[in-house]
Amino acid sequence: MARPATFIAVLKEHKRWADAASVVSIVLVIGLLSVAAYLADAAKADEPTRIGMYIAIVGVVIVVCIWQAAAFVAASIELILRRRDERGPWG
């Protein structure tokens, strides 16, 4: 069994890139939402259209959750592969 410290170190490494990807995705989605809101103001969009655009912010939360889950999965896979390399394929 791998030491908990090893798993935590691997998880921190993968969490770093997940955090960076999350920030990039948040900036992109919020930027697109801001542009859409500006265009809705310029076009004098009705209320249901505006509500639909603001509900799209839920996409930010979903994307961030996906990136964080991907980091955990990547860390787990890397730890499994490290254990296999240490013990051998049939160990």
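Our structure's up above, just so we're on the same page.
This is a predicted model, so every value here is computed, not measured.

Rules used throughout
Residues numbered from 1 in each chain as written. Predicted model: local features only at pLDDT ≥ 70, side-chain atom pairs only at ≥ 80, totals over all residues. Heavy atoms only, no water. Helix = DSSP H or I, 4+ residues; strand = E, 2+ residues; numbered from the N terminus. Expected span 1.5 Å × (residues − 1). Buried < 20%, exposed > 50% of the residue type's maximum accessible area, 1.4 Å probe, protein only. Contact = heavy atoms within 4.5 Å. Axes fitted to C-alpha atoms, helices over the stretch in contact; angles between N-to-C directions. Parallel < 35°, antiparallel > 145°, perpendicular 65-115°, else oblique. Left-handed = near helix turned anticlockwise from the far one by under 90°. Nonpolar A, V, L, I, M, F, W, Y, C, P; charged D, E, K, R; others polar.

*Asks:* An account of helix H1 (residues 4-43) is needed here, citing residue identities and associated values.
*Replies:* For H1, with 40 residues, the first-to-last C-alpha span of 56 Å sits near the 58 Å given by 1.5 Å per residue. Listing the buried residues of H1 in full gives Thr 6, Val 10, His 14, Ala 18, Ala 21, Ser 22, Ser 25, Leu 33, Ala 37 and Ala 40. Those residues of H1 hidden inside the fold are in contact with helix H2 (47-55) and helix H3 (58-87). Backbone geometry just after H1 places Lys 44 at a positive phi near 55°.

*Asks:* Quick rundown of the environment of Glu 78? Include the residues and the values.
*Replies:* Within the secondary structure, Glu 78 is located in helix H3. Measuring from C-alpha to C-alpha, the distance between Glu 78 and Leu 11 comes to 9.3 Å, with 67 residues separating the pair along the chain. In this view, Glu 78 contacts Val 10, Glu 13 and His 14; residues no more than four positions away in its chain are not counted.

*Asks:* Quick rundown of the packing of H1 against H3? Include the residues and the values.
*Replies:* Each pair of packed helices can be described by the angle between their axes along with the distance between the axes. H3 packs onto H1 with a crossing angle of 155° between their chain directions and a minimal axis gap of 8 Å. Taken together, the axis directions place H1 and H3 in an arrangement best described as roughly antiparallel. Both H1 and H3 take part in a crossing whose hand is right-handed. A per-class count over the contact of H1 with H3 returns 19 nonpolar, six polar and five charged.

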